[in-house]
Amino acid sequence: MTDSKYFTTTKKGEIFELKAELNSDKKEKKKEAVKKVIASMTVGKDVSALFPDVVNCMQTDNLELKKLVYLYLMNYAKSQPDMAIMAVNTFVKDCEDPNPLIRALAVRTMGCIRVDKITEYLCEPLRKCLKDEDPYVRKTAAVCVAKLHDINAQLVEDQGFLDTLKDLISDSNPMVVANAVAALSEISESHPSSNLLDLNPQSINKLLTALNECTEWGQIFILDCLANYMPKDDREAQSICERVTPRLSHANSAVVLSAVKVLMKFMEMLSKDLDYYGTLLKKLAPPLVTLLSAEPELQYVALRNINLIVQKRPEILKHEMKVFFVKYNDPIYVKLEKLDIMIRLASQANIAQVLAELKEYATEVDVDFVRKAVRAIGRCAIKVEQSAERCVSTLLDLIQTKVNYVVQEAIVVIKDIFRKYPNKYESVIATLCENLDSLDEPEARAAMIWIVGEYAERIDNADELLESFLEGFHDESTQVQLQLLTAIVKLFLKKPTETQELVQQVLSLATQDSDNPDLRDRGYIYWRLLSTDPVAAKEVVLAEKPLISEETDLIEPTLLDELICYIGTLASVYHKPPSAFVEGSRGVVHKSLPPRTGSSESAESPEAAPSAGQAAEQPAVIPAQGDLLGDLLNLDLGPPVSGPPLAASSVQMGAVDLLGGGLDSLMGDESEGLRSDVGGSPAMGGGGGFAAPGPAVPAGVGAPLGSGLGDLFDLTGGVGTLSGSYVAPKSVWLPAMKAKGLEISGTFSRQVGSISMDLVLTNKALQVMSDFAIQFNRNSFGLAPAAPLQVHAPLAPNQSVEISLPLNTVGSVMKMDPLNNLQVAVKNNIDVFYFSTLYPLHILFVEDGKMERQMFLATWKDIPNENEAQFQLKDCSLSADAVSSKLQGSNIFTIAKRNVEGQDMLYQSLKLTNGIWVLAELRIQPSNPTLTLSLKCRAPEVSQHVFQAYDTILKN
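Residues numbered from 1 in each chain as written. Predicted model: local features only at pLDDT ≥ 70, side-chain atom pairs only at ≥ 80, totals over all residues. Heavy atoms only, no water.

**Comments concerning the overall build of the protein**
Right, so step 1: Each helix and strand in the protein was counted, giving 39 helices and 13 strands.
Right, so step 2: Scored against the burial criterion, the 956 residues of the protein give a buried share of 51%.
Right, so step 3: For the protein, contacts bridging at least 24 residues in sequence account for 68% of all contacts bridging at least 6.
Right, so step 4: Summing over all exposed atoms, the protein offers an accessible surface of approximately 43100 Å²; the carbon and sulfur share of this is 51%. (Helix = DSSP H or I, 4+ residues; strand = E, 2+ residues; numbered from the N terminus. Buried < 20%, exposed > 50% of the residue type's maximum accessible area, 1.4 Å probe, protein only. Contact = heavy atoms within 4.5 Å. Areas by Shrake-Rupley, 256 points an atom, 1.4 Å probe, with all protein chains shown as cover.)

**Remarks on the nonpolar core**
Right, so step 1: Among the nonpolar cores identified, the biggest contains 214 residues, and Y72, L126, V244 and F418 are the most heavily contacted of them.
Right, so step 2: The residues touching V244, leaving out its near neighbours within four places in the chain, are L208, L211, L223, L226, A259, V262 and L263.
Right, so step 3: Counting 64 residues, the second-largest nonpolar core is a separate cluster that includes I755, L759, F835 and L922. (Core = buried A, V, L, I, M, F, W, Y, C linked by side-chain atoms within 4.5 Å.)

**Observations regarding unusual backbone geometry**
Right, so step 1: A cis amide bond links D817 to the next residue, P818, at an omega of -5 degrees.
Right, so step 2: With phi around 60 degrees, N798 is a residue other than glycine that occupies positive phi space.
Right, so step 3: Relative to the helices and strands, N798 resides in the loop between strand 5 (784-785) and strand 6 (800-808).
Right, so step 4: The class for N798 is exposed, based on a relative accessible area of 69%.
Right, so step 5: A positive phi angle, near 65 degrees, is found at N891, a position not held by glycine.
Right, so step 6: Considering the arrangement of structural elements, one finds N891 in the loop between helix 38 (880-888) and strand 10 (893-900).
Right, so step 7: Look at N891 and you get buried, because its relative accessible area is 8%.

**Description of the packing of helix 15 (residues 216-227) against helix 17 (residues 253-267)**
Right, so step 1: Running from N to C, helix 15 and helix 17 point in directions that differ by 15 degrees, and their axes come no closer than 9 Å. Overall, the two elements helix 15 and helix 17 adopt an arrangement that is roughly parallel. Handedness of the crossing formed by helix 15 with helix 17: left-handed. Contacts between helix 15 and helix 17 involve E216, Q219, I220, L223, D224, L226 and A227 from the former and A254, V255, S258, A259, K261, V262, K265 and F266 from the latter.
Right, so step 2: Considered class by class, the residues forming the contact of helix 15 with helix 17 number nine nonpolar, two polar and four charged. (Axes fitted to C-alpha atoms, helices over the stretch in contact; angles between N-to-C directions. Parallel < 35°, antiparallel > 145°, perpendicular 65-115°, else oblique. Left-handed = near helix turned anticlockwise from the far one by under 90°. Nonpolar A, V, L, I, M, F, W, Y, C, P; charged D, E, K, R; others polar.)

**Re the confidence of the model for the protein**
Right, so step 1: Residues at a pLDDT of 70 or more form 84% of the protein, whose mean pLDDT is 80.
Right, so step 2: Long-range and interchain partners of residues 598-722, a stretch whose pLDDT sits below 50, account for 238 contacts in this model, where long-range means more than four residues apart. (pLDDT = per-residue confidence, 0-100.)

**Considerations on the pattern of salt bridges**
Oppositely charged side chains can pair when the atoms bearing their charge come close.
Right, so step 1: Here the structure, examined in full by the defined rule, presents 38 salt bridges.
Right, so step 2: Here K35 ties to E64 by a salt bridge, and the two come within 3.5 Å at their closest N and O atoms. Of this pair, K35 sits in helix 2 (residues 27-42) while E64 sits in helix 4 (residues 63-76); the two residues are 29 residues apart in sequence, bridging distant segments of the chain.
Right, so step 3: Taking the shortest distance from any N to any O, the salt bridge between D862 and R938 comes out at 2.7 Å. (Salt bridge = Lys/Arg side-chain N within 4 Å of Asp/Glu carboxyl O.)

**Digging into the sheet that holds strand 4 (residues 773-776)**
Right, so step 1: Taken in spatial order, the three strands make up an open sheet running 4-7-8, and their pairing is antiparallel. A single partner strand is all that each edge strand has here, and the edge strands are strand 4 and strand 8 (832-838). When strand polarity is set aside, the average angle formed by the axes of neighbouring strands in this sheet is 25 degrees.
Right, so step 2: Sheet analysis places strand 7 (residues 821-827) next to strand 8, joined by seven bridges and oriented antiparallel. Residue Q823 lies in a different strand from strand 8, and its bridge partner there is S836. (Pairing = 2+ DSSP bridges.)

**Let's talk about the side chain of S780**
Right, so step 1: Among the structural elements, S780 can be located in the loop between strand 4 and strand 5.
Right, so step 2: With a relative accessible area of 1%, S780 lands in the buried category.
Right, so step 3: Among the polar contacts made by the side chain of S780, one reaches the main-chain carbonyl oxygen of L819 at a distance of 2.7 Å. (Polar contact = N/O pair within 3.5 Å; in protein donor to acceptor, adjacent residues only side chain to side chain.)

**Considerations on the sheet that holds strand 5**
In a beta sheet, neighbouring strands are held together by backbone hydrogen bonds and run either parallel or antiparallel to one another.
Right, so step 1: Across the sheet, which stays open at both edges, the five strands sit in the order 1-2-3-6-5 with antiparallel pairing between neighbours. Two strands lie at the open edges of the sheet, namely strand 1 (731-734) and strand 5, each paired on one side alone.

**Some points on helix 15**
Residues separated by three or four positions in an α-helix point in the same direction, a consequence of the helix having 3.6 residues per turn.
Right, so step 1: Between its first and last C-alpha, helix 15 extends 16 Å over twelve residues, near the 16 Å set by a 1.5 Å rise per residue.
Right, so step 2: Burial in helix 15 covers these residues: G218, Q219, I220, I222, L223, C225, L226 and A227.
Right, so step 3: Elements in contact with the buried residues of helix 15: helix 13 (174-190), helix 14 (201-211), helix 16 (234-244) and helix 17. (Expected span 1.5 Å × (residues − 1).)

**Description of the side chain of S756**
Right, so step 1: With respect to the helices and strands, S756 occurs in strand 3 (residues 754-763).
Right, so step 2: Filtering out sequence-adjacent residues up to four positions away, S756 remains in contact with T747, F748, S749, S804, L805, P806 and L807.

**A word on the environment of P286**
Right, so step 1: Its place among the elements puts P286 in helix 18 (residues 275-291).
Right, so step 2: Given a relative accessible area of 45%, P286 falls into the partly exposed group.
Right, so step 3: Put simply, P286 and E320 are 34 residues apart on the chain and 9.2 Å apart in space, counted from C-alpha to C-alpha.

**Description of the packing of aromatic side chains**
Aromatic rings in a pair are described by how distant their centres are and how their planes are angled relative to each other.
Right, so step 1: Counted by the stated rule, this structure contains 13 aromatic pairs.
Right, so step 2: Ring centres 5.4 Å apart and planes at 80 degrees place the aromatic pair F418 and Y455 in the edge-to-face group. Of the two residues, F418 sits in helix 24 (residues 404-420) while Y455 sits in the loop between helix 26 (442-454) and helix 27 (462-470), which places them 37 residues apart along the sequence. With respect to burial, F418 and Y455 carry one shared label: buried.
Right, so step 3: Centre to centre, the rings of W733 and F748 are 5.3 Å apart; their planes meet at 35 degrees, and the pair counts as tilted. On the criterion of sequence distance, the pair formed by W733 in strand 1 and F748 in strand 2 (residues 742-751) is long-range, its members being 15 residues apart.
Right, so step 4: Taken together, W733, F748, F835 and Y839 form an aromatic cluster joined through their ring pairs. (Phe/Tyr/Trp six-rings, centres within 6.5 Å; stacked < 30°, edge-to-face > 60°.)

**Some points on the packing of helix 23 (residues 388-400) against helix 24**
Right, so step 1: Closest axis-to-axis distance for the helix 23/helix 24 pair is 9 Å, and the angle between their directions is 155 degrees. Considered as vectors, helix 23 and helix 24 are oriented roughly antiparallel to each other. Classified by chirality, the crossing of helix 24 by helix 23 is left-handed. On the side of helix 23, the interface is formed by V392, L395, L398 and I399, while helix 24 contributes V406, V407, A410, V413, I414 and I417.

**A closer look at a negative patch on the surface**
Right, so step 1: A cluster of acidic side chains, namely E464, E467, E471 and E501, defines a negative patch on the protein surface.
Right, so step 2: Along the polypeptide, E467 turns up in helix 27. (Patch = residues over 30% accessible without salt bridge, like charges linked within 9 Å, V, L, I, M, F, W, Y side chains within 5 Å. Lys, Arg positive; Asp, Glu negative; His and termini not counted. Charge placed at Lys NZ, Arg CZ, Asp CG, Glu CD.)

**Here's the deal with helix 1 (residues 14-22)**
Right, so step 1: Among the residues making up helix 1, those that are buried are E14, L18, E21 and L22. The buried residues of helix 1 occupy one face: seen down the axis, they fall within an arc of 95 degrees. Exposed positions of helix 1 whose direction lies more than 90 degrees from the buried face are F16 and A20.
Right, so step 2: Elements that come into contact with the buried residues of helix 1 comprise helix 2 and helix 3 (51-56). (Arc of directions from axis to C-beta.)

**Re the pairing of strand 9 (residues 868-873)**
Right, so step 1: Going residue by residue along strand 9, you find A869, F871 and L873 tucked away on one face and E868, Q870 and Q872 left uncovered on the opposite face.
Right, so step 2: When strand 9 meets strand 13 (residues 931-937), the two strands line up antiparallel, connected through six bridges. Pairing of Q870 across the sheet is with S934, part of strand 13.

Structure below.
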């Protein structure tokens, strides 16, 4: 009779009957009852009420009964911790049992009972079992330590179990060694800093000896452990490789992949000139090929790993192309992986074979596979230049089949071939244009539009072709809309006379009728470029394009190196590091390959390391100017007023440079036209969002003020306040003629820790002004209004109002040029106006900028000498004390004063709002009105502006 009968009874009142049977004197009846209890437990009935009765059955010599009771115990100990303590005595007794199977069973069960109260009672029995004479008991106890560590790590460390585990690595029995390694690896993964497996050549030797004799899982544990070891030189690496190589012929694919991982890692340390290096490459190919004769799921895992190996060392499998040819009955996931590897292995030697094969695939029935095959032909053309011509003719043959999805994929890859080999295959454009009507996928439509726009001068009816796409402009995907916009602008620049209407149509569709910010911004940029400086537009839009690279889908090298260390694990199948998909901190130690022998990086790394450390401690210096198109502060103030004035260079541009100074670099000197100083241009109209004005210094009504801070502060007639830091007199920032009658003048001040922008708004127009608002663009120090701009009553004509606008430094940060440039938008009921101004840096000097002397000395030494800048402060005949007190008013603190050979030396520190410290040494000679200022700072770009602040404060 089988045990299935225990699962068929569903009597009521069963628990009561079972209780009686468990307490029976007859051994057979007891065993039957325990089997019934386990059966009920298995199907999910709650039999925890029988806990004391089942535990009583533990006192038996019958191994089968003992196993059943232990099974019950593991399940219910958690819910009945107080009762579970009753079982402790039996555990202790069983660990002394003469039968090693019972001793091991007791230890295994102890490890599975995850109850804190019991853990400490189990330490003694576990210690005995770790030193048991029977290897079966020792190997079970080793795993138990890892389980116990998971419940209570501190206890395991205090009891010295970790040291015992380390001793087990030198055990005579290979299985014990393997389990000890597995347990230590498991523990060190959850505690990466513990360095439990401090491997040395002796222990490595023991592991390699055990490797030949233990089970396949034991071999995997040992190989994974070896992979984490760093050999001291290439000779040791070679000897380990020699002893691991036999594992490549193992029947278990997991062992093979673990061995490949160790070899791939240690090969980094071998010189390529060694004969052994070549031998090893030859030995690695057959096992990888053998993996491809397994069932499809295993093949897939093998292929994902081979994909990584081929990217790292293509020479291993370069002669094995045929293995990766697709079989008709391969599942799709295997087919796609094989295709990928075929392209990676494609070279001049085998390209004919590969192309013939790919052409076959393109006539298959599986749509996904066919698409990938057509793409693969294009990738081969880009990778192997000699084959490009054959690939193009193959693609043209495929286009002639008129199979819709084949045609679309072919057009997408031909676009890439044009990018790689310009002026070579353009003769095929006519064939492509014939298939225009059949394109319905966004990517293919976008590719075709790109081709038409790029080669518009060779296509007679390019304008008609693009116009046909324009009819359903709003139904197209964003990708197609963006391509169409660019293509029509290219066409206009190539044939301006015939296509003016077309370009006006597309620009108004993109800017006025579209909700997509990317499309709208691109539209405005083209609009403005064309309306201010068509020559510059030509240079930007029709610029030389860089050739595209062969392998765009290669894994980034540092990630590839990390993934090679994870061959044979889930990371190698996902092609992602474990940190990307393992939750929590367990097992997420970043691994990397050892440095190559004889490579310069290994020699330089010791010096490189400390500098990297120092860099990490520095305060966050202003981030670099990123993608400025993203920085348009969207004020969304209604649609553009008029249509775009095109190709009319005479229309002047607003003081609005969409790229915030970025156009200078794009266009060289031609960008001067963008700096003319008219208010919002028709193209701007307020609808484009807040564009970043260029760092043009605010102009006076007549001539521009000139840049320097000296002019900005208009030093004559300035009234500095003695309490608090120096405040420059107000100057005109936005003249009335530029802002439809609104004149704005102002200055910046810092009083008792708070920064403010002191403004005077004057209405020189004939109408009342109201609804004022202000906004700043992102800037170097994150300056932003801390409150709205409050003009309490409407501003009548010829009236002025003074406002002090509080500022904070928690706005968005972007490095400006010059560093202290601030771009401002002011809105009222008439329009939006833009201006830019330079703020004096001393408004950012904070009150706690006094550094301790020792700290000052240490920091001065720590900042590299190349960060030091020297300046001359001319015409300043103040004594050292007068200088010191004047600077202290603006939060520049004197830390020490020394007299060296008749000169006074002041050592000073100041701190900016973003945490950057600036240290200064000021040298004053009694009879000389020129002072020497030396500045040191981790962000040297600040020094020039700090010097200007010194100059301004001391001369006012």
